Amino acid sequence: MKHMETISSLFHGNTPDDYQRLDSKTEREAVSSSGEQPWEMVMDKKHFKLWRRPIEGTHLYQYRVFGTYTDVTPRQFFNVQLDTEYRKKWDSLVIKLDVIERDLATGSEVIHWVTHFPYPMYSRDYVYVRRYSVDKENNMMVLVSRAVEHPSVPEDPEYVRVRTYESQMVIRPHKTFDENGFDYLLTYSDNPQTVFPRYCVSWMVSSGMPDFLEKLHTAALKAKKMEIEVRDYMSAKPIESGGGGEGKASVASAEPKSEGTRGPAQLEYA
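The rules behind the values
- Residues numbered from 1 in each chain as written.
- Predicted model: local features only at pLDDT ≥ 70, side-chain atom pairs only at ≥ 80, totals over all residues.
- Heavy atoms only, no water.
- Helix = DSSP H or I, 4+ residues; strand = E, 2+ residues; numbered from the N terminus.
- Buried < 20%, exposed > 50% of the residue type's maximum accessible area, 1.4 Å probe, protein only.
- Contact = heavy atoms within 4.5 Å.
- Polar contact = N/O pair within 3.5 Å; in protein donor to acceptor, adjacent residues only side chain to side chain.
- Salt bridge = Lys/Arg side-chain N within 4 Å of Asp/Glu carboxyl O.
- Pairing = 2+ DSSP bridges.

1. A word on the overall build of the chain
Then comes step 1: Within the chain, the regular secondary structure consists of six helices and 11 strands.
Then comes step 2: Put simply, the chain has 270 residues, and 48% of those count as buried.
Then comes step 3: A sequence separation of at least 24 residues applies to 62% of the contacts in the chain between residues at least 6 apart.

Written as structure tokens, this is what we have:
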């Protein structure tokens, strides 16, 4: 978090709306922690910056996003990301988004997410577990997700299953959780299993991610104006992490399941 604050102070002046561009060397040093592989800037906008770096031994990239909003509260931004029912309304790419299982002790949830990919690619589906934490003492929020397998969600021949996916977001309020203004740092990687070369996949991610974040921001603004009710995940979590309980709750899918099991998807990835 100290590293994140250093980045923020370099990009902003005396107020969050002040903005300066850095030379490429200073920018690389700011984003990369000591001893780690340097990041390459892909996009540099006033409230949004996107970097990438190759993942060793693969044809894939890891991405890092640093952004700032001054017209939404951290609580609203956090809740809108977690509310799966609301996302079905504001994200037109969602085909299916269901909570499959929930751990009552930690608040962890297993999610099945099916999403459109740009034409002519097949739609992708993800099964991932997510966990979140609100650290009131240190004034920050964390949301972590990673791909898993789950017996309730076998592969569907209609979709390409994405088996490698990780996402970590840290949100730091400028003041409090319920006052406008915060910085966020998102680190993300996945393997969409496409036959397209690395630069094509990189272009899709670097163009699609700003669009998603802008839609997320707009959805948070609507929630702020009370145009739609969003669940408050900060107060809804039953037990803080580390409770040690093993209670699990299965969540019934909104759609009926077809009879029988399906074999692995037999698609040539596109």
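2. A look at the side chain of histidine 217
Then comes step 1: Checked against the element boundaries, histidine 217 lands in helix H5 (residues 198-224).
Then comes step 2: Side chain to side chain, histidine 217 and aspartate 71 meet in a polar contact 2.8 Å long.
Then comes step 3: Apart from residues lying up to four places away in sequence, histidine 217 is in contact with Tyr69, Asp71 and Val72.

3. Quick word on the pattern of salt bridges
Then comes step 1: Counted according to the given criterion, the structure contains 13 salt bridges.
Then comes step 2: With a closest N to O distance of 2.7 Å, arginine 102 and glutamate 109 form a salt bridge.
Then comes step 3: On the accessibility criterion, arginine 102 (25% relative accessible area) is partly exposed.
Then comes step 4: Within the structure, one salt-bridge network assembled from shared partners comprises Arg87, Asp91, Asp211 and Lys215.

4. A few points about unusual backbone geometry
Then comes step 1: With a phi close to 60°, asparagine 139 is a non-glycine residue in the positive phi region.
Then comes step 2: In this fold, asparagine 139 is placed in the loop between strand S6 (124-135) and strand S7 (140-147).

5. Observations regarding the pairing of strand S9 (residues 165-173)
Then comes step 1: Among the nine residues of S9, seven are classified as buried, and the element is accordingly described as predominantly covered.
Then comes step 2: In this structure, S7 lies alongside S9, joined through six bridges in antiparallel fashion. Bridging from a neighbouring strand, methionine 141 pairs with isoleucine 171 of S9.
Then comes step 3: In the sheet, S9 pairs with strand S10 (residues 182-190) via nine bridges, with the strands oriented antiparallel. In the strand pairing of S10, valine 170 is matched with leucine 185.

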